Amino acid sequence: MRITNSSKLQAPSSKKGLIFVISGPSGSGKSTLLVRLVNSRGLKHQLARSISCTTRPRRSGEINKKDYFFVSQRQFREKRKANKILEWTKYLGYYYATPRDFLERQIQRGLDVVMCLDVKGALRAKRLYPKNTVTIFVLPPSLSVLRSRLRKRCNKTKKEEILKRLELANEELEAAKKYDYCIVNRKLDEAVRKLRGIALKEKSKRNK
Ligand code: ADP
């Protein structure tokens with residue numbers, strides 16, 4: 001995952017930063033909304049994307065501590081043992097995780113962080129940082145729209161894969177109730193406006 005240049009980030013106040021966690025079914029538009037949010041007026045350079053750590057080898061062009069924290073299997077195991085991992089997954093034999101130390105450093109410095117996490121990860125973030133975490137669930141307007149977005153995003157996605165994701169989406173939608181906010185991503189601009197509104201509202205609440 002690429003990040004905004006954290007050296008440009010401005011700490012808005014002496015208060016602790018916020019963690020905005022975006023969840024939603026695959027294809028609901030989380031990544032699109034996240035990119036639009038971090039580049040939106042009034043939030044640019046104020047919102048950093050969380051940086052994941054991975055045991056996958058660095059690809060050419062990738063920068064350590066910017067694209068990922070590249071760690072060895074041993075370092076990863078140690079981090080997990082020391083409870084320094086918020087959530088993790090294994091994909092094609094490599095671990096990918098959200099490190100807690102980066103998050104904690106950011107919020108201690110009064111900087112806000114945003115990331116996409118699955119439901120389990122989002123609820124864990126809320127449990128670990130209840131005062132700082134704002135959870136937002138992105139809903140597709142309907143399952144048929146979700147299906148067509150999944151097809152459009154990757155026209156090579158096999159039919160079975162789309163069916164699997166739609167089944168999972170049905171389960172995930174149940175979890176939406178547990179979130180602080182829900183956004184229906186019908187028209188992209190409208191959804192970005194709502195998301196930006198939530199971020200600005202929460203920031204001003206925190207600064208009071
Ligand atoms: P996710 O990160 O939740 O899996 P993406 O952000 O990759 O979803 O979006 C899935 C697809 O839907 C992408 O092709 C994206 O361009 C498209 N998309 C996202 N939001 C909208 C929208 N409001 N209207 C139409 N297409 C959208």
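The rules behind the values
Residues numbered from 1 in each chain as written. Predicted model: local features only at pLDDT ≥ 70, side-chain atom pairs only at ≥ 80, totals over all residues. Heavy atoms only, no water. Buried < 20%, exposed > 50% of the residue type's maximum accessible area, 1.4 Å probe, protein only. Helix = DSSP H or I, 4+ residues; strand = E, 2+ residues; numbered from the N terminus. Arc of directions from axis to C-beta. Contact = heavy atoms within 4.5 Å. Core = buried A, V, L, I, M, F, W, Y, C linked by side-chain atoms within 4.5 Å. Axes fitted to C-alpha atoms, helices over the stretch in contact; angles between N-to-C directions. Parallel < 35°, antiparallel > 145°, perpendicular 65-115°, else oblique. Left-handed = near helix turned anticlockwise from the far one by under 90°. Nonpolar A, V, L, I, M, F, W, Y, C, P; charged D, E, K, R; others polar. Near = heavy atom within 4 Å. Polar contact = N/O pair within 3.5 Å; in protein donor to acceptor, adjacent residues only side chain to side chain. Areas by Shrake-Rupley, 256 points an atom, 1.4 Å probe, with all protein chains shown as cover.

### Side note on helix α4 (residues 119-128)
Here's step 1: Within the span of α4, buried status applies to V119, G121, A122 and A125. The buried residues of α4 occupy an angular sector of 165° when the element is viewed end-on, so they sit on one face. Set apart from the buried face of α4 by more than 90 degrees, the exposed residues are K120 and R127.
Here's step 2: Of the surrounding elements, those touching the buried residues of α4 are β1 (19-23), β5 (85-91), β8 (133-139) and α6 (159-175).

### Concerning the nonpolar core
Here's step 1: In this structure, F20, L37, L47, V114, I136 and L195 are the most contacted members of the largest nonpolar core, which totals 20 residues.
Here's step 2: Going through the elements one at a time, β1, α1 (30-38), β8, β9 (181-184) and α7 (188-207) are the ones with two or more residues in this core.
Here's step 3: If one sorts the elements of this core by residue count, α7 sits on top with five residues.
Here's step 4: With 17 residues, the next largest nonpolar core counts V21, V113, Y129 and A176 among its residues.

### Some details on the packing of helix α5 (residues 143-153) against α6
Here's step 1: Where α5 meets α6, the closest approach of the two axes is 11 Å, and the angle between their N-to-C directions is 135°. Put simply, α5 runs oblique to α6. Along this stretch, α5 crosses α6, giving a crossing that reads as right-handed. Contacts between α5 and α6 involve L143, L146, R147, L150, R151 and R153 on the former and, on the latter, I162, R165, L166, A169, N170 and L173.
Here's step 2: Residues belonging to the contact of α5 with α6 are distributed by class as follows: seven nonpolar, one polar and four charged.

### Thoughts on the site of the ligand
Here's step 1: In the vicinity of the ligand there are 15 residues, among which G27, S31, T32, R153 and N185 approach most closely.
Here's step 2: The separation between an oxygen atom of the ligand and a polar main-chain atom of S28 is 3.3 Å.
Here's step 3: Within the backbone of G29, a nitrogen or oxygen atom sits 3.0 Å from an oxygen atom of the ligand.
Here's step 4: Across the complex, the protein chains shield 80% of the 570 Å² of accessible surface that the ligand would expose by itself.
Here's step 5: Of all the secondary structure elements, the ones that give two or more residues to the shell around the ligand are α1 and α5.
Here's step 6: Each residue belonging to the shell around the ligand can be placed in one class, and the counts come to two nonpolar, seven polar and six charged.

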